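Chains, contacts and geometry: an overview
Here is how the chains run, residue by residue.
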Amino acid sequence: TTIVQTLAFPGGDRESVLAVEQSSAAGLRYVWRLVEVHATGDTTRQRFEFAERAADIVAAARVLLFHDPNGPAEHPGYTTNALSRAVYRRVRATGSDSLQVMALERRGGSLAAALGFGATGGGRAVPVRWRGTVSLAAPAPVPFPLLIGGRRTAVPALHLRAHLLARGNTWEPEIWVLADSVYPLLLKWVGHWTEPGNVLQTVRVDPPRSAELSRVRAVDDMEHVLESSCRVELPGIYFAFNSAELDPASDAALATLAGLLARHPDWRATIEGHTDSVGTAEANQALSARRADAVRARLVGGHGAGGARLRTAGLGSTRPRESNATIEGRARNRRVELVRECGQG
């Protein structure tokens, strides 16, 4: 499974791709790649590997909100991307439970890293343990917008509010988690105690495509859409934030697409790049064109697709699918589509 998150904070944005590299009886192992762009023009790129132990997914009462690239991959006693099953079930049963959160306090630098990644950037980062409770903010699950396999879906989410104390300070973030007792994934976290405008949100989840059955279904789905409507949004394509650099997690989806094109050597198609509206129209058009070109280059050079029948087009922010006023809307608008030249065989 691949999870895409966006962090919006005063002075910048960050997008990260979390790939579940291994799921076993021992737990989950992640590779996390992120790019953060600041209004000053500074850019941070990082890669982390970390793990959630199975015992902690079941019972941990602590959540870790950052990662240190020089630290250990495992953090016994903590979950990182979800509440534990035990905390989730107690909150559902009684309305609240105790919770500890380990976050970063930035001294002399940006606090953007306080929600989600390790001790980097300007200033000095100090881990701070917050203790308190997490409680239901709404009595029943609420719909939460999420892209799953490229399709907009409303998943059930628990809306929670935490009351946390540390060093004489109070922090009351709002939290949404997937209403699922097996893995209550963190969907949204609003507010750091010094920067209440921070919003960390999961915007996209793509199911695994490594199994042969998943690959066959993915090809069948895209083939059907291209035959019936001649246009399909390509799931599983990931770019670094504000960049045309393809994330390695895109390789499986590109291999699937190359296999589909090989089955239809008579098809000619255009790869379209689309962006959200952040930035100038000129910059977005150029970025979307570079992204479309990058997909074509990887298909041709890495997967042997016939380049003569693949064109590219960059459409920038001119064809939004949803409103650019929301995080999830902007995520929906950042996409790559394949358009078949219909009227062929």
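Residues numbered from 1 in each chain as written. Predicted model: local features only at pLDDT ≥ 70, side-chain atom pairs only at ≥ 80, totals over all residues. Heavy atoms only, no water.

**Things to note about the state of the cysteines**
- With the rule as written, the count across this model stands at one disulfide.
- One disulfide in the model links cysteine 230 with cysteine 342; its S-S distance is 1.4 Å. Residue cysteine 230 is located in the loop between helix H3 (212-228) and strand S15 (231-233), and its partner cysteine 342 is located in the segment after strand S18 (335-340); the two are separated by 112 residues in the primary sequence.
- Since its relative accessible area comes to 14%, cysteine 230 is described here as buried. (Disulfide = S-S within 2.5 Å. Helix = DSSP H or I, 4+ residues; strand = E, 2+ residues; numbered from the N terminus. Buried < 20%, exposed > 50% of the residue type's maximum accessible area, 1.4 Å probe, protein only.)

**Considering helix H5 (residues 281-303)**
- Counted at 1.5 Å a residue, the expected span for H5 with its 23 residues is 33 Å, and the 32 Å between its end C-alpha atoms agrees.
- Those residues of H5 that fall on the buried side of the exposure criterion are Asn284, Leu287, Ser288, Ala289, Arg291, Ala292, Ala294, Val295 and Leu299.
- Packing partners of the buried residues in H5 comprise helix H4 (251-263), strand S16 (269-274), strand S17 (310-314) and S18.
- One or two residues past the end of H5 sits glycine 304, with phi positive at roughly 75°. (Expected span 1.5 Å × (residues − 1). Contact = heavy atoms within 4.5 Å.)

**Focus on H4**
- The end-to-end C-alpha distance of H4 is 19 Å, a good match for the 18 Å that 13 residues give at a rise of 1.5 Å each.
- Among all positions in H4, only Ala253, Leu254, Thr256, Leu257, Ala258, Leu260 and Leu261 are buried.

**Looking at the sheet that holds S16**
- Taken in spatial order, the four strands line up as S15-S18-S16-S17 in an open sheet, and their pairing is mixed. Each of the sheet's edge strands pairs with one partner strand only, and the pair in question is S15 and S17. The mean inter-strand angle of the sheet, taken between neighbouring strand axes irrespective of direction, is 20°.
- The sheet contact formed by S16 and S17 spans five bridges and is parallel. By the bridge assignment, glycine 273 is partnered in S17 with glycine 314.
- Seen against the sheet, H5 touches S16, S17 and S18 and runs at an angle of roughly 160° to S17. (Pairing = 2+ DSSP bridges. Axes fitted to C-alpha atoms, helices over the stretch in contact; angles between N-to-C directions.)

**Structural notes on the packing of aromatic side chains**
- Enumeration according to the criterion identifies five aromatic pairs in this entry.
- With centroids separated by 5.9 Å and ring planes inclined at 50°, the aromatic side chains of tryptophan 171 and tryptophan 189 adopt a geometry described as tilted. Of this pair, tryptophan 171 sits in strand S11 (residues 169-171) while tryptophan 189 sits in strand S13 (residues 186-190), and the two are 18 residues apart along the sequence.
- Tryptophan 171 gets classed as buried once you look at its relative accessible area, which sits at 2%.
- For tryptophan 189, a relative accessible area of 3% corresponds to the buried category.
- What links up through ring pairs into an aromatic cluster is the set Tyr30, Trp32, Phe48 and Phe50.
- Across from the ring centre of tyrosine 78, 4.4 Å away, lies the NZ or CZ of arginine 62, which sits over that ring.
- Above the face of the tryptophan 176 ring, lysine 188 is positioned so that its terminal group lies 5.2 Å from the ring centre. (Phe/Tyr/Trp six-rings, centres within 6.5 Å; stacked < 30°, edge-to-face > 60°. Lys NZ or Arg CZ within 6 Å of the ring centre and 35° of its normal.)

**A few points about unusual backbone geometry**
- Phi is positive for arginine 167, which is not a glycine, with a value near 55°.
- Checked against the element boundaries, arginine 167 lands in the loop between strand S10 (151-166) and S11.

**Notes on the side chain of serine 16**
- Within the secondary structure, serine 16 sits in strand S2 (residues 12-24).
- Residue serine 16 is classed as buried on the basis of its relative accessible area, which comes to 0%.
- A distance of 3.0 Å separates a polar atom in the side chain of serine 16 from a polar atom in the side chain of tryptophan 32.
- Contact partners of serine 16, with chain neighbours within four places excluded, come to Ile3, Val4, Gln5, Trp32, Arg33 and Leu34. (Polar contact = N/O pair within 3.5 Å; in protein donor to acceptor, adjacent residues only side chain to side chain.)

**Quick notes on the packing of H4 against H5**
- Where H4 meets H5, the closest approach of the two axes is 10 Å, and the angle between their N-to-C directions is 75°. With respect to their mutual orientation, H4 and H5 come out roughly perpendicular. In contact with Asp251, Leu254, Ala255, Leu257, Ala258 and Leu261 of H4, H5 contributes Val295, Arg298, Leu299 and His303.
- Class assignment for the residues of the contact of H4 with H5 results in seven nonpolar, one polar and two charged. (Parallel < 35°, antiparallel > 145°, perpendicular 65-115°, else oblique. Nonpolar A, V, L, I, M, F, W, Y, C, P; charged D, E, K, R; others polar.)

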